[in-house]
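Each chain is listed here by its residues.
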Amino acid sequence: MHQSVEEKSKEYYEEMRRRVYLTPTSYLAVLNLYKFVLNEQRQLLGTELRRKDNGVKKLEEANKEVLQLQQDLMVRQPELEKTQVQLVEKTKVLAVEYEQAEETRKNMALQEADAKEKEESATKLSNDADNEVKRVEPQLKEAVAQLKEVKTAQLVELKAYGNLTDVMKAVYEAMIYLFGAKLSKPTDPGAAAKDPRGILKTMREVIFSKNPEALKEELCDYKSFIASMTSTELENRFSKIEPIISNPDIWNVKIIAKNSSVLKAFYFWINALKAYSDVSKIVQPLREKAKEYNNQKLEARRMLEEKRAKLKEIDDKIAGLEVEKKKLIERENQLKSEIADCKRQLENAGKLTKGLEGEKTRWTEEVMEKKEKSTFLIGDCLVAAGMLAYSGPFTSDYRLKLEGMWVSQLDKFGILHSPNLTMRSVLGNQAVVREWVNKYSLPDDNLSVENGIILESLRRWPLIIDPQNQAVNYIKARGSAMNKLSIDFFFNFYKIIN
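### Some words on a nonpolar patch on the surface
Among the surface-exposed residues, Tyr27, Leu28 and Leu31 lie close enough to one another that they form a single nonpolar patch of about 290 Å² accessible area. Here leucine 31 shows up in helix H2 (residues 24–149).

Structure follows, in structure tokens:
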């Protein structure tokens with residue numbers, strides 16, 4: 001190929017007086033161009049093959065999808081009808097559950113009101129009882145304060161005192177009865193003479209026998225003292241001391257205080273317990289009634305909790321049914337949408353398959369042609385690369401001669417090639433060439449198109465004989481569109497600058 005170009009260069013000089021210079025670099029360039037053109041044409045041909053082949057496959061897939069859509073439509077229509085029936089049934093069940101839940105809420109509201117009323121009544125009674133107790137609390141606190149002022153020595157001294165006054169006897173007797181003891185008469189005649197009823201003896205055995213500090217603590221803890229007795233016992237004990245504490249000549253704080261400060265403390269303690277006992281008679285029924293109301297409230301609350309648990313169960317069931325209903329509605333809408341889409345796709349697919357039935361035949365034929373053309377790529381690309389590398393400086397006649405010589409060599413060595421092989425048939429894309437002609441004003445003759453191919457394919461330039469500035473107009477328009485070329489006119493030479 002390189003040698004044939006050298007021969008034609010000499011002939012070209014003899015005829016046209018134009019020199020064409022060839023160097024070893026030109027030979028290396030054609031090798032690189034051959035690899036580039038072969039690889040590019042394989043990619044282009046492969047892309048076209050895949051596109052056409054994919055088109056045929058897509059049509060076949062479309063036909064299969066039409067059948068599948070028809071089957072899907074036959075399946076989804078009955079499913080939609082079944083879903084709609086289930087949705088109606090679920091709506092009816094929900095209506096019943098909502099009615100039951102509403103009835104339960106009404107019952108709960110009534111029980112809640114009843115429980116609240118019982119609670120308010122119990123609270124009022126408890127407050128009344130507490131107020132009654134608070135009324136005697138100052139008196140009880142005063143008694144405790146008097147007891148705390150009593151010294152241990154005073155209790156010991158009072159215990160040793162043997163000659164009892166009437167006031168002392170009254171206070172001692174009241175204390176003995178409140179502690180639940182009975183009078184125990186002395187067996188000794190001498191002691192019996194001084195203490196005929198056994199008041200002193202019993203006082204010393206029952207009360208003064210206790211540790212003084214422990215006795216004070218026991219008396220100060222009046223609540224525990226009272227709690228240790230039943231209401232009947234407490235009432236019986238106070239009934240025994242009633243004659244004593246109701247006698248104003250003896251049961252008087254001034255008279256008792258003159259005898260002993262300890263007796264005064266006992267006096268306050270007995271009176272406080274009497275007042276607490278009297279209040280207890282009022283408070284106890286109140287507390288019992290409050291307890292009754294509290295029990296009724298607790299029962300109402302228990303029943304309310306049962307209703308609340310039942311309501312929760314109903315609400316949970318309703319929530320579950322609502323979820324199921326929502327799913328059925330979603331499924332119904334989905335099926336309607338799918339059926340509508342299926343019908344639309346069937347209609348569109350039918351139009352597509354009918355409209356492209358003829359294209360399928362043509363694409364199949366083109367696939368066969370492209371596959372056949374792929375067997376010619378080696379020879380076709382060799383000639384095309386040679387033309388790109390060498391034909392630029394030559395005129396149209398010499399280009400045709402070079403192509404003819406190289407095609408003959410291909411035949412000689414048994415290298416397959418396309419019929420009527422030219423550079424334009426290999427590298428000239430018809431759509432691109434039309435764009436050059438229509439958009440960029442390239443002349444439509446073979447030489448101009450070949451020059452355009454050389455310009456677009458590599459960084460070389462062909463011989464351009466352009467008396468009418470047609471090539472100049474094309475280069476300027478094309479360069480402006482590419483936004484990277486400028487034309488510099490100088491001595492009628494045209495130079496392409498990057």
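Past the structure itself, the notes keep going.
### Points about helix H13 (residues 377–390)
With 14 residues, H13 should cover 20 Å at 1.5 Å per step; its first-to-last C-alpha distance of 20 Å lies within 8% of that length. Counted residue by residue, H13 has twelve buried out of 14 residues, so it is predominantly covered. When we look at burial in H13, the residues that qualify are Leu377, Gly379, Asp380, Cys381, Val383, Ala384, Ala385, Gly386, Met387, Leu388, Ala389 and Tyr390.

### Some details on the packing of aromatic side chains
One pass over the full model with this rule turns up nine aromatic pairs. Both rings, one in phenylalanine 225 and one in tryptophan 269, keep their centres 5.2 Å apart while their planes meet at 65°; by these two values the pair is edge-to-face. Here tryptophan 269 lies in helix H11 (residues 261–355) and phenylalanine 225 lies in helix H8 (residues 222–227), a separation of 44 residues in the sequence. The burial state of phenylalanine 225 is the same as that of tryptophan 269; both residues are buried. Taking 5.6 Å as the distance between ring centres and 75° as the angle between the ring planes, the aromatic pair formed by tyrosine 267 and phenylalanine 268 counts as edge-to-face. Ring pairing ties together the aromatic residues Tyr12, Phe394 and Tyr398, which thus form one cluster. One residue, arginine 17, lies across the ring of tyrosine 13, its end atom 4.2 Å from the ring centre. Taking NZ or CZ as reference, arginine 19 lies 4.0 Å from the ring centre of tyrosine 13, over its face.

### Structural notes on the packing of helix H4 (residues 166–178) against helix H6 (residues 199–206)
At a minimum axis separation of 10 Å, H4 and H6 run at an interaxial angle of 45°. Taken together, the axis directions place H4 and H6 in an arrangement best described as oblique. Read as a crossing pair, H4 and H6 show a hand that is left-handed. Within the contact between the two elements, H4 uses Lys169, Tyr172, Glu173, Met175 and Ile176 and H6 uses Ile199, Leu200, Thr202 and Met203. Residues that form the contact of H4 with H6 fall into these classes: six nonpolar, one polar and two charged.

### Let's talk about the nonpolar core
Generally speaking, nonpolar side chains in soluble globular proteins are found buried as a group. The biggest cluster of nonpolar side chains holds 46 residues, and the ones touching the most others in it are Tyr172, Met175, Trp251, Phe266, Trp269 and Ile270. Listing elements by their share of this core, those giving two or more residues are helix H3 (152–160), H4, H6, helix H7 (212–220), H8, helix H9 (231–245) and H11. Setting aside its immediate chain neighbours within four residues, tyrosine 172 contacts Leu158, Leu164, Ile199, Leu200, Met203, Phe208 and Leu263. In terms of nonpolar packing, the next biggest core, distinct from the first, is built from 37 residues, Tyr34, Tyr398, Leu402 and Trp436 among them.

### As for the pattern of salt bridges
With the rule as written, the count across this model stands at 13 salt bridges. The salt bridge partner of lysine 401 is glutamate 11, with a shortest N-O separation of 3.7 Å. Of the two residues, lysine 401 sits in helix H14 (residues 396–412) while glutamate 11 sits in helix H1 (residues 2–16), which places them 390 residues apart along the sequence. A relative accessible area of 34% places lysine 401 in the partly exposed class. For glutamate 11, a relative accessible area of 33% puts it in the partly exposed group. Note that lysine 90 is salt-bridged to glutamate 324, the shortest N-O span being 2.7 Å. Of this pair, lysine 90 sits in helix H2 while glutamate 324 sits in helix H11, and the two are 234 residues apart along the sequence. For glutamate 324, a relative accessible area of 36% gives the class partly exposed. Within this structure, Lys8, Glu11 and Lys401 form a network of salt bridges that share partners.

### Points about unusual backbone geometry
The backbone of asparagine 420 shows a phi angle near 55°, a positive value even though the residue is not glycine. When you line up the elements, asparagine 420 lands in the loop between H14 and helix H15 (423–427). Asparagine 420 sits in the exposed class, given a relative accessible area of 72%. In this model, serine 441 sits at a positive phi of 65°, which is unusual for a non-glycine residue. By secondary structure assignment, the location of serine 441 is in the loop between helix H16 (430–440) and helix H17 (446–457). On the accessibility criterion, serine 441 (47% relative accessible area) is partly exposed.

### Section: H4
The end-to-end C-alpha distance of H4 is 18 Å, a good match for the 18 Å that 13 residues give at a rise of 1.5 Å each. Extensive coverage of H4 is indicated by the burial of eleven of its 13 residues. Buried residues of H4: Val167, Met168, Ala170, Val171, Tyr172, Glu173, Ala174, Met175, Ile176, Tyr177 and Leu178, and no others. Following H4 by one or two positions, glycine 180 has its phi on the positive side, about 80°.

### Observations concerning the confidence of the model for the protein chain
Within the protein chain, residue pLDDT values average 79, and 87% of them lie at 70 or more. Here residues 485–498 is a poorly scored stretch, pLDDT under 50, and it has 22 contacts once near neighbours within four places are set aside; other chains count.

What counts, and at which threshold
Every chain is numbered on its own, with residues counted from 1 as its sequence reads. For a predicted model such as this one, the threshold for reporting local features is a pLDDT of at least 70, and the threshold for listing and counting side-chain atom pairs is 80 or more; totals across whole chains, interfaces and linings nevertheless cover every residue. Hydrogens are left out, water is left out, and the side-chain values use all remaining heavy atoms of the structure. Like charges are joined within 9 Å and nonpolar side chains (Val, Leu, Ile, Met, Phe, Trp, Tyr) within 5 Å, but only among residues with over 30% relative accessible area and no salt bridge; these make up the patches. Areas reported here follow the Shrake-Rupley algorithm with a probe of radius 1.4 Å; residue values treat only the protein chains shown as occluding. Between Lys or Arg on one side and Asp or Glu on the other, a salt bridge is scored when a side-chain nitrogen of the former is within 4 Å of a carboxyl oxygen of the latter. In DSSP terms, a helix is any run of H or I states spanning at least four residues, a strand is any run of E spanning at least two, and both are numbered starting from the N terminus. To estimate how far a helix should extend, the number of its residues minus one is multiplied by 1.5 Å. Exposed residues in this analysis have more than 50% of their type's maximum accessible area, buried residues have under 20%, and partly exposed residues fall in between, with area computed by a 1.4 Å probe over protein chains only. Planes of paired rings set the category: under 30 degrees apart is stacked, over 60 is edge-to-face and the rest tilted, where pairs are Phe, Tyr or Trp rings (Trp by its six-membered ring) whose centres lie within 6.5 Å. For a Lys NZ or an Arg CZ to count as sitting over a ring, it must be within 6 Å of the ring centre and within 35 degrees of the ring normal. Working convention: axes come from line fits to C-alpha atoms, limited for helices to the stretch in contact. Angles between N-to-C directions cover 0 to 180 degrees. Each angle receives one of four descriptions, namely roughly parallel if under 35 degrees, roughly antiparallel if over 145, roughly perpendicular if within 65 to 115, and oblique otherwise. Handedness of a helix crossing follows the sense of rotation of the near helix relative to the far helix, less than a right angle counterclockwise being left-handed and clockwise being right-handed. Should any heavy atoms of two residues lie within 4.5 Å, those residues are considered in contact. Here the nonpolar group is Ala, Val, Leu, Ile, Met, Phe, Trp, Tyr, Cys and Pro; Asp, Glu, Lys and Arg are the charged ones; every other residue, Gly included, is treated as polar. Definition used in this section: a nonpolar core is a set of buried Ala, Val, Leu, Ile, Met, Phe, Trp, Tyr and Cys residues joined via side-chain atoms within 4.5 Å. pLDDT: the predictor's confidence for each residue, scored from 0 to 100.

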